[in-house]
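# An overview of the molecular structure
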Amino acid sequence: MESIQKIREKFRDIPVEELDVFCKTYAADERKGVQKLLEQAQKRMQAMKEEKERLDQMKEFERKYEQLGYICGIDEVGRGPFAGPVVAGAVILPPDCDILYLNDSKQLSEKMREKLYNEIMEKAISVAVGYASPARIDEINILQATYEAMQEAISKLNVVPQILLNDAVTIPKITIPQVPIIKGDAKSVSIAAASIVAKVTRDRLMREYDKVMPEYGFASNKGYGSQKHIEAIKKYGPTPIHRRSFIHNVIGENYE
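Residues numbered from 1 in each chain as written. Predicted model: local features only at pLDDT ≥ 70, side-chain atom pairs only at ≥ 80, totals over all residues. Heavy atoms only, no water.

### Regarding the pattern of salt bridges
If the charged atoms of two oppositely charged side chains come close together, the side chains can form a pair. As a reminder of what qualifies: Just to be clear on terms, a salt bridge is a Lys or Arg side-chain nitrogen sitting within 4 Å of an Asp or Glu carboxyl oxygen. Relative accessibility decides the category of a residue: with a 1.4 Å probe and only protein chains considered, values under 20% of the type maximum give buried, values over 50% give exposed, and everything between is partly exposed. Secondary structure elements are taken from DSSP: a helix is a run of H or I of four residues or more, a strand is a run of E of two residues or more, and numbering for both begins at the N terminus.
A full pass over the atoms with the stated rule returns 20 salt bridges. One salt bridge connects Asp13 with Arg12, and the closest N-O pair in it is separated by 3.3 Å. Take Asp13 and Arg12: they sit in the same class, and that class is exposed. Between Glu114 and Arg204 there is a salt bridge, and its shortest N-O distance comes to 2.7 Å. With a gap of 90 residues between them, Glu114 in helix H5 (residues 110-123) and Arg204 in helix H8 (residues 189-212) connect regions that are remote in the sequence. If you follow the salt bridges from partner to partner, you end up with Glu110, Glu114, Arg204 and Arg207 in one network.

Okay, here's the thing in structure tokens:
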């Protein structure tokens, strides 16, 4: 008889798509250890079923507009930080694309975001990123700078989309039809993918800034206004990547 340890090793390595056969193979084995593995397998299959159903719901807008042609999701990250750029992502996924666990980037761990980023870059028809610098944010305000980052991302796509699915906003100076969706990064796979691309891109950039300006903790705070970050600004002053308007508004000091 096959040992429980051997069966456990098989279970550990088996893809979820093959678990149904696994369960049928060992269904008659009454040993408690095997029955526990079968229970775990059932839970994994149920979890995968629920994930696929969730993902299918997130394709509602893509299905609605698929007859128009290329659908591009647009999202941004970095509106609120004291430092660093605002970054916009633009992603066109193929109609039959299935990327499990796509979601609003804020709902995902850093490890999962990195994994999904790689899968998006591999499977997407086109991906582009746009930036607005801290100086530009100070010059024209964060909303207008966000629009510019989105406009840049759209302009850098290597195919022209027929419709844009945006996270909540309508982007000015864009002739492509747009559909603003409230909390779109949790309702559309295209916007979720754009959210992840923008988030991973910006986080990587902030980690690079941390290497040359370690006093501010950019690797951990990503430019957001943590207490340690505020204390560092007061102690060392602002860097070239700090948003002067944000610093002045939040800590009440003028660094002009």
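### Comments concerning helix H2 (residues 19-26)
We count it as follows: Summarising the geometry, the arc corresponds to the directions from the helix axis toward the C-beta atoms. Should any heavy atoms of two residues lie within 4.5 Å, those residues are considered in contact.
Taken as a whole, H2 has its buried residues at Leu19, Phe22, Cys23 and Tyr26. For H2, the buried positions fall inside an angular range of 95 degrees around the axis, keeping them on one side. Seen from the open side of H2, the exposed residues pointing more than 90 degrees away from its buried face are Val21, Lys24 and Thr25. Along its buried surface, H2 packs onto helix H1 (4-13) and helix H3 (32-57).

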